[in-house]
Structures are given as structure tokens and as C-alpha cells.
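Remarks on the overall topology
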Amino acid sequence: MTISYNWLSEYLPERIDPAKLSGVLTSIGLEVESMEAQEEIRGGLEGLIAGEVITCDKHPDADKLKLTTVSVNGERLLNIVCGATNVAAGQKVIIAPVGATIHPVKGDPVKLKKAKIRGAESEGMICAEDEIGLGTSHDGIYILPPDTVPGTPIASIFKPKTDFIYEIGLTPNRMDAMSHLGVAKDVCAWLSYHNKKETQVQYPYPAGFNSTASNNPVSVSIENSDACRRYSGISISDITVTDSPEWLKQKLQSIGLNPINNIVDITNFILHETGQPLHAFDADKIKGNKIIVKNLPEGTTFITLDEKERKLSAEDLMICNAEEGMCIAGVYGGANSGVTATTKNIFLESAWFNPGSIRKTSLKHGLRTDAASRFEKGVDISNTVKVLQRTALLITEIAGGQTQGDLIDVYPAPLQKTRVVLPKDYLKKLSGKNYPSGDIEFILKQLGFDIISNNEIQTVVDVPFSKPDISLPADIVEEIMRIDGLDNVDIPSLISITPSVEKNYSRFLRREKLSDYLTGLGFFEIFTNSITNSHLYTEEVLTHSVKMINSLSAELDMLRPEMLQGGLQVIAHNLNRKNTDLRLFEFGKTYTVSAEKRYTEAMHLAIYIAGNTVEQNWKSKPVKADFFYLKGVIEKILMLTGIKLYTIEPAQKENCKNAALIKSGNKTIGYFGELNDKTLRKSDVKAQVFFADIHWDDLLAAKTREIEYREISKFPAVMRDLALVVDKNVSYSQIEGIALSGKIAELRSVQLFDVFESDKLGQGKKSMAVSFMFQDETRTLTDKEIDSFMQKLVSAYESSVGAEIRK
């Protein structure tokens with residue numbers, strides 16, 4: 001939320017230093033994320049002074065230049081070369097001396113130096129208005145009034161305003177602080193408590209409000225009193241819609257809003273002043289002179305202010321006239337009822353709408369307006385009339401006109417304040433601090449609470465309507481602590497804790513072990529949002545996905561059914577910033593629901609690789625990631641987690657060009673592969689990406705091997721190679737499996753070290769060079785034994801896959 005320092009200071013009894021105010025705001029829970037100076041004129045005219053032109057002569061070497069002498073302080077005259085056609089002796093002008101910095105309307109700031117122009121020395125500059133930010137004209141130098149005293153700082157003449165803009169990271173429960181007055185209340189409460197004297201907010205509400213005695217031209221009725229508890233309104237006639245005065249424009253511009261016209265600007269001003277959204281209708285467009293707050297039938301079409309036709313739900317609350325809808329209540333106006341340049345009579349609305357109803361409608365139609373964001377958090381129902389009176393007076397003052405009839409206030413069932421009982425021992429337990437009863441009462445009174453009773457046992461309060469989030473004793477503790485200051489919480493000298501014992505800690509040890517391994521390989525761990533966009537998934541996936549009932553936005557409307565899309569968004573983000581070599585991993589959950597409405601959460605380990613795995617340097621060339629690099633990482637993960645038996649089998653996956661399943665026994669525990677172009681295009685990724693998805697729970701449940709320790713053999717290992725000519729469709733896993741299933745106890749390892757394809761081998765053939773290692777831990781193997789092992793392997797390959805031994 002954006003807060004203007006100058007605007008906020010209007011409601012404080014005294015101005016506070018901007019930096020100190022920033023600290024106060026953060027200490028009361030309104031964290032200041034940034035504070036920036038905002039200048040009405042760039043540079044604030046600093047360093048510029050008034051001068052008097054004493055002489056003005058033509059430059060001997062330039063037709064369009066003049067040589068002037070200028071007095072700025074009654075001492076030495078400055079020699080200044082000037083090209084303006086309107087410069088003349090006797091004028092009072094704006095001087096930028098050597099060392100001053102000017103801030104032109106267009107372009108970067110310029111620091112002036114002593115210079116020679118066509119051979120003549122120039123000790124500064126006589127300024128035009130566009131050269132110093134005073135205006136846009138460059139027709140000539142800016143001439144000051146004749147009575148201006150030379151040497152006077154220009155900033156003291158024009159008095160440019162400087163403001164400070166705070167960006168506050170407002171938490172969702174602090175609706176009461178979504179306005180300048182709301183922030184001022186908290187600041188005054190802090191000042192009162194810490195300065196030990198009561199400090200009151202300077203409220204702008206009128207002391208008295210007089211309406212005309214004429215009949216109300218518009219009547220109001222509420223048909224859905226659950227969705228609209230209170231509706232206030234007033235008619236104003238004979239207004240003039242035109243531009244807003246400068247002070248109003250400046251306030252809106254200071255917080256980033258563009259002025260539109262005086263009526264719209266006033267309602268926007270009031271919204272950011274008080275937190276109460278308002279809506280102005282063109283009274284002449286209210287058919288039947290009736291305002292009816294109700295719901296329209298399902299599927300009713302309505303054209304909103306942005307000229308889009310929308311189909312309404314039966315749950316959407318509408319502001320209607322006698323014949324049709326005029327406005328989506330609390331969310332967005334209609335195209336045919338708003339204020340235009342020709343509007344003469346208006347009906348001004350100030351209401352309280354049910355937060356849940358507004359939020360549903362706002363999200364359903366994708367209309368995230370300032371008004372909706374406040375209504376959905378809960379506005380102050382007791383403030384609708386006061387705000388309406390303040391607005392009506394502003395409109396009659398700025399836009400002319402007069403109120404018609406009495407102020408209308410339909411409030412069929414007045415709400416009762418929420419009562420909360422705060423036990424003192426609970427306050428001590430939660431805050432760690434003993435607050436005197438007097439301090440508790442003083443803080444809560446300053447925040448607008450009604451004190452019902454206050455003793456040594458408990459404090460009973462009624463919560464102000466401006467704080468709809470407060471309903472529990474813990475909420476009251478928070479209010480007390482933030483005004484006291486979280487930095488003031490006592491730190492005890494002794495802390496007592498009870499160590500927790502984790503029963504199934506091995507799963508976390510394995511996760512930590514794998515995380516360390518992957519980071520050691522150069523991977524970075526990422527955390528992506530578990531809430532995702534349904535448009536990224538196919539209809540088949542969506543049938544088992546978990547939809548969100550009240551999503552935060554139209555783009556984030558479901559829980560992720562798979563890990564892939566979140567990681568691809570991270571990759572796209574990095575690729576767009578020229579970070580092309582990526583190795584990423586993430587532990588996260590996916591969410592699905594069955595046809596029987598059984599919900600499942602599953603933990604996954606996702607791995608993403610793009611670009612090079614080895615960077616180019618003076619000694620080596622870059623090495624691109626490929627399928628087998630990822631396969632090596634997967635096999636190492638399986639080994640580190642102790643998986644005893646596993647297989648990797650080629651498979652077809654919809655999102656991959658080529659893929660493989662990871663199996664432990666007959667159970668698939670994951671897959672990996674190279675993503676295809678269709679999948680990458682969905683996330684706007686223009687690079688080759690390799691992806692692995694391991695079902696973490698299944699991985700941990702897989703059968704693991706017992707760790708065995710044994711002495712390193714004293715007897716040597718023997719290596720033998722075979723070059724096998726086989727059909728191209730024969731995989732290495734088949735070759736390895738045949739060797740390991742041959743019941744040769746002395747066979748220690750099988751390793752593929754070369755693959756060769758050529759027409760000389762025969763049509764559809766390839767050569768696979770395989771290395772075998774044999775070892776007996778009790779004796780040295782003889783050549784005869786090794787030969788028998790190799791002959792056994794050759795026979796097995798010939799019979800199983802039709803292999804030929806390549807000589």
C-alpha cells in the first residue's frame with residue numbers, strides 16, 4: 001500500500017521526521033518496504049539563485065550569442081554567455097552558477113562547469129524554465145519579478161514541494177490501516193503511549209451537516225440484507241464535471257493515481273483517506289428514481305464500465321434501478337450509469353457489503369479493483385454516514401451544486417460490536433511481558449476499543465467496527481504488543497524447552513543426504529508455488545486435480561497435480577535473463593483427487609537440467625547436458641538411498657521425446673527423459689530440457705540393501721573385453737542382465753565402453769564393446785578359469801540375443 005508523508009501529516013497533530021516516522025510505522029506492524037523522496041520539481045531548484053543582468057552586449061564572434069555580466073550577491077560580477085533572444089540589461093533572472101546541477105524537463109541532470117564559448121568565458125547559465133524543471137517552454141530565459149533581490153535562492157521563491165512516499169507491506173488482516181486515516185490512528189496511538197500524553201487524530205469529518213428540506217429524489221431499498229447490511233446515499237444536483245483543483249490532483253498523483261475528473265477524483269481521494277469505497281451514479285440515469293440492492297437471475301448479461309459484457313451469477317449482488325442492473329455492488333460500475341462530462345445530478349453511494357460475497361464476485365469476473373480489495377476485507381460499517389457527509393461537502397465545494405433531500409441511511413439490523421475477554425495470564429504467556437492494567441487500558445482506548453471492565457484478572461473490551469479481523473484474545477495481545485513495540489518484549493535470562501523426538505527421522509536424513517549430493521554436483525534447490533494455473537494442463541489431468549474454491553487470482557486456481565510446470569517457469573525466468581546453464585532440484589508435493597473424492601498428497605523429487613554441464617574454459621570445451629548425464633545422476637541417487645535392485649526401462653511419456661521408467665521390483669518409482677517441444681512451448685521455454693520425477697515416498701519404501709563391510713581383496717582383479725555385434729534394438733540393460741544372471745560368482749562388474757554402428761557390420765546391426773571384471777577374494781584366478789567364464793558369457797549372448805563376437 002502507498003502512503004504519502006505530506007498527506008498523512010495532515011491528520012497528525014505535529015509533523016514527524018520522515019525517517020523517524022518510517023521507524024514508527026514498522027514498529028507498529030506496518031512494515032515500510034521502501035521510502036522514496038518525491039519532488040514536485042526535480043532537484044528542488046537547489047543551488048539556483050536570483051541575479052540581475054547588469055550589461056548585455058553582442059558576442060563579437062557569434063550573431064546569436066550575447067555577453068552579459070550578472071550580479072548575484074553584490075560582489076564580483078559573473079560573466080555569462082547567453083543565447084536567449086529575450087535577455088536584456090536590468091532583468092532579474094535565474095542563475096545556475098558554476099558547481100550547480102540543473103535538472104531539465106527532458107534529459108539527465110547536468111552539473112555546470114566554467115567554460116569558454118566562442119572564445120568568451122562563461123561562469124554559469126541564465127536559465128529558461130524547461131532547463132530547470134519549472135515548465136516546458138524554451139522560448140527564452142525565465143524573467144523574475146522586478147522586485148526580486150539578487151542572491152535570493154530560487155527554491156525560496158517558488159517553494160517546490162517535497163514529499164516522501166512509503167510503500168507499506170500490509171498484511172491481509174490489517175484492513176483498518178488501508179487508508180491514510182487508518183495509519184494516522186495507529187501513529188497517534190504509538191505517540192500517545194510512548195510520549196505519555198494523549199495525541200488525537202485530526203479528523204476531517206464535518207462537525208455539522210445540513211441537508212435541504214426538499215423530498216429525496218431517489219429511494220433506496222435492500223432485498224438482500226445479508227449481502228448488504230447498510231446502504232447510505234445522498235443526491236446532489238447542479239454539479240459541474242470538470243478538472244480537479246491542483247491540491248487534489250497532487251494528492252492522487254503522489255500515490256500513483258491519475259486524475260480523471262473532479263467527481264471521480266473526490267471518490268478516489270476519500271477511498272484513500274478513509275478506506276471507505278464510494279460510487280457516484282448519474283442520477284438522471286436511475287430509472288424510476290429507485291435504488292434496489294438485490295441479486296439478478298443466473299446468466300443475466302451486464303455491460304460493465306470497461307464495455308465488456310459479463311454473465312452474472314445468481315450470487316452476484318447488484319445495485320439496480322427500477323428496470324435493470326446499474327453496478328456490480330462493491331466491485332465495478334456499469335457502462336450506462338456512471339458519471340460523464342455532461343452529468344449534472346448525481347446519487348452518491350456509501351455502503352457496507354458482505355466481504356465473502358464481494359470476494360467471490362470479484363474473483364469470478366476477474367475484477368480486482370481498489371473498492372473490492374477493501375470490501376472483501378471488511379470496511380467500517382459505522383463510518384458510512386460520516387464519510388458520505390465529508391464527500392458531499394467536498395463535491396459541493398469543488399463541483400458546485402447542492403444536496404437534495406435528507407441523507408438516506410438504510411440499516412435494517414444494526415450490528416453489535418464483538419466482545420473479547422483477555423485474561424491477564426494469557427497476555428503474559430503470549431507476550432512474555434507483565435503489562436500494568438493502566439497501560440493495557442490506555443493502549444486499547446487509543447486504538448478505539450471500548451473498555452467494558454479492567455481488573456487484575458482480565459480485561460473485557462468491545463472491538464471497534466474498523467477492526468473486523470479482531471475476535472480472539474490473541475488478536476488483542478497483538479494490538480497491545482505492536483503499539484508497545486515488538487523490540488520492547490523482555491528477553492528472559494532462562495529459556496526452558498522440551499526437545500522433540502522424531503520417530504521417522506531417517507526419511508529426513510536421506511533427503512538431506514541427497515540434497516547435499518546434488519548441491520555438490522552443482523545443482524541449486526528451488527521452491528515453487530504449489531498453487532498453479534489450470535490452463536497449463538490437459539483435460540485428462542484436470543479431471544483428477546484439486547480446484548480451489550476461493551482462489552487468490554484467476555491465474556492461480558488449483559493445486560499442482562505434477563511438479564513439472566513450476567520448474568519450467570523457473571527455467572523460463574532464468575533463460576530470459578541469459579542464465580542458460582541450469583541444474584535445479586526440488587522436493588515438493590503434488591495433489592490429486594479420485595472420483596470418490598479421496599484426496600492424495602504425494603512427495604516428489606524433481607530434477608531439471610538445461611544448457612551445459614561443463615562450462616567452457618582455457619582447458620576444455622563446454623559439455624552439453626544429455627539423457628545419459630541425467631541417467632547417471634539418477635543411478636547415483638538410487639545408490640545413495642540404498643536401493644538394492646532396480647531397473648531402468650525405455651518408455652513412452654506424453655511430455656518427453658525419449659524417456660525411461662525407474663523401477664524397483666515391479667513398482668515404478670519415477671521416470672526421466674528429454675522434454676518434447678510441445679511441453680516446452682506451454683511455458684515459453686526455448687531450450688533443451690531434461691527432467692526427472694521421482695516419487696519420494698515410493699523411493700523410501702523400496703527394498704534397500706544392507707551395508708556390508710569387508711576387507712579389500714589381496715588378490716588381483718582380471719579385466720576382459722568383448723565386442724558383441726547385435727541387432728540395433730538390443731539395449732545395454734539386456735546385455736548387462738544376461739551377464740549378471742549367468743551365475744558367475746567371480747563376476748564383479750559389467751561396463752559398456754563403446755558403441756559402434758556401420759553398414760559394414762550388416763543391416764540393422766551395431767557393435768557394443770563391453771568390459772568384464774572378475775575377482776576371487778580367496779585366490780588368484782587362472783587364465784583357464786577366466787577363459788571358461790568368457791566362453792560361458794559368449795554362449796549366453798549368442799543364444800539370448802543372437803550376438804556375434806567381433807574379432
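What comes next is a walk through the structure. (Residues numbered from 1 in each chain as written. Predicted model: local features only at pLDDT ≥ 70, side-chain atom pairs only at ≥ 80, totals over all residues. Heavy atoms only, no water.)

All of the buried residues along helix α6 (residues 246-254) are Leu248, Lys249, Lys251, Leu252 and Ser254. Positive backbone phi, approximately 90°, marks Gly256, located one or two places after α6. (Buried < 20%, exposed > 50% of the residue type's maximum accessible area, 1.4 Å probe, protein only. Helix = DSSP H or I, 4+ residues; strand = E, 2+ residues; numbered from the N terminus.)

Right, let's get into the sheet that holds strand β14 (residues 228-237). With antiparallel pairing, four strands are arranged side by side in an open sheet as β15-β22-β14-β23. In the strand order of this sheet, the two ends are held by β15 (278-282) and β23 (402-410), each with one partner. Averaged over all neighbouring strand pairs, the angle between strand axes comes to 20°, with direction disregarded. Here helix α10 (residues 384-398) sits on the sheet and contacts β14, β15, β22 (346-353) and β23; the angle it forms with β14, its principal contact strand, is near 15°. (Pairing = 2+ DSSP bridges. Axes fitted to C-alpha atoms, helices over the stretch in contact; angles between N-to-C directions. Contact = heavy atoms within 4.5 Å.)

It is worth spelling out the packing of helix α5 (residues 180-195) against helix α13 (residues 473-484) at this point. The geometry of α5 relative to α13 is characterised by a closest axis approach of 9 Å and an angle of 65° between their N-to-C directions. Our classification of the angle between α5 and α13 gives roughly perpendicular. Between α5, through Asp186, Ala189, Trp190, Tyr193 and His194, and α13, the contact on the second element is made entirely by Arg482, Ile483 and Asp484. Counted by class, the contact of α5 with α13 contains four nonpolar, one polar and three charged residues. (Parallel < 35°, antiparallel > 145°, perpendicular 65-115°, else oblique. Nonpolar A, V, L, I, M, F, W, Y, C, P; charged D, E, K, R; others polar.)

For the rest of this paragraph, the subject is the packing of helix α14 (residues 506-520) against helix α17 (residues 627-640). The interhelical angle for the contact between α14 and α17, taken along N-to-C directions, is 150°, at an axis separation of 10 Å. For the pair α14 and α17, the sense of crossing is right-handed. Note on element contacts: α17 touches α14 through Val633, Lys636, Ile637 and Leu640, opposite Lys513, Leu514, Tyr517 and Leu518. For the contact of α14 with α17, the per-class residue count stands at six nonpolar, no polar and two charged. (Left-handed = near helix turned anticlockwise from the far one by under 90°.)

The subject of this paragraph is the environment of Val489. Relative to the assigned elements, Val489 resides in the loop between α13 and α14. Overall, Val489 belongs to the partly exposed group, its relative accessible area being 24%. Along the backbone, Val489 and Thr301 are 188 residues apart, and their C-alpha atoms lie at a distance of 56 Å. Every residue in contact with Val489, bar those within four places of it in the chain, is listed here: Ser431 and Met481.

Using the criterion set out here, one finds zero disulfides in the structure. Take Cys56: it sits in no disulfide, and the sulfur closest to it among the cysteines is that of Cys82, at 7.3 Å. Residue Cys320 stays outside any disulfide, its sulfur separated by 9.5 Å from that of Cys327, the closest cysteine. In this structure Cys320 comes out as buried when scored by relative accessible area, which is 1%. (Disulfide = S-S within 2.5 Å.)

Turning next to the packing of aromatic side chains. Under the counting rule described, the total for this entry stands at 14 aromatic pairs. With 5.7 Å between their ring centres and 70° between their planes, Tyr142 and Phe158 make a pair best called edge-to-face. Here Phe158 lies in helix α4 (residues 154-158) and Tyr142 lies in the loop between α3 (129-132) and α4, a separation of 16 residues in the sequence. When its relative accessible area of 26% is taken as the criterion, Tyr142 is described as partly exposed. Look at Phe158 and you get partly exposed, because its relative accessible area is 28%. Ring pairs connect the aromatic residues Trp7, Trp247 and Phe269, which therefore count as one cluster. The ring of Tyr193 carries the charged tip of Lys196 above its face, separated from the ring centre by 4.4 Å. (Phe/Tyr/Trp six-rings, centres within 6.5 Å; stacked < 30°, edge-to-face > 60°. Lys NZ or Arg CZ within 6 Å of the ring centre and 35° of its normal.)

Let's shift gears to the pairing of strand β39 (residues 718-727). As paired strands, β39 and strand β41 (residues 765-774) are joined by 10 bridges and run antiparallel to one another. Directly across from Val725, in β41, lies its bridge partner Ser767. Direction of pairing for β39 relative to strand β42 (residues 804-805): antiparallel, over a ladder of two bridges. Following the sheet pairing, Leu724 is matched in β42 by Ile805.

Next up on the list: a nonpolar patch on the surface. Taken together, Tyr505, Phe508 and Leu509 make up a surface patch of nonpolar side chains, about 330 Å² in accessible area. Note that Tyr505 resides in the loop between α13 and α14. (Patch = residues over 30% accessible without salt bridge, like charges linked within 9 Å, V, L, I, M, F, W, Y side chains within 5 Å. Areas by Shrake-Rupley, 256 points an atom, 1.4 Å probe, with all protein chains shown as cover. Salt bridge = Lys/Arg side-chain N within 4 Å of Asp/Glu carboxyl O.)

This part covers the nonpolar core. Grouped together as the largest cluster of nonpolar side chains are 67 residues, with contacts concentrated most on Leu25, Val187, Ile263, Ile395, Ile476 and Ile480. Among the elements that line this core, the one with the most residues is α5, at nine residues. Once residues within four sequence positions are removed from consideration, Val187 is found in contact with Leu12, Ile16, Leu21, Leu25 and Ile28. Formed by 37 residues, the second largest nonpolar core is a distinct cluster that contains Ala227, Leu296, Leu312 and Ala372. (Core = buried A, V, L, I, M, F, W, Y, C linked by side-chain atoms within 4.5 Å.)

Right, let's get into the side chain of Asp176. Looking at the secondary structure, you find Asp176 in the loop between β12 (162-169) and α5. For Asp176, a relative accessible area of 11% gives the class buried. Only 2.9 Å separates the side chain of Asp176 from the side chain of Arg174, close enough to count as a polar contact. A polar atom in the side chain of Asp176 sits 2.8 Å from the side chain of Lys467. (Polar contact = N/O pair within 3.5 Å; in protein donor to acceptor, adjacent residues only side chain to side chain.)

A positive phi angle, close to 65°, is found at Lys597, a residue other than glycine. Relative to the helices and strands, Lys597 resides in the loop between β31 (582-593) and β32 (599-610). One non-glycine residue, Asp684, lies in the positive phi region at around 60°. Topologically, Asp684 is positioned in the loop between α18 (677-682) and β38 (689-695).

Bear in mind that shape data such as this cannot, by itself, settle questions of function.
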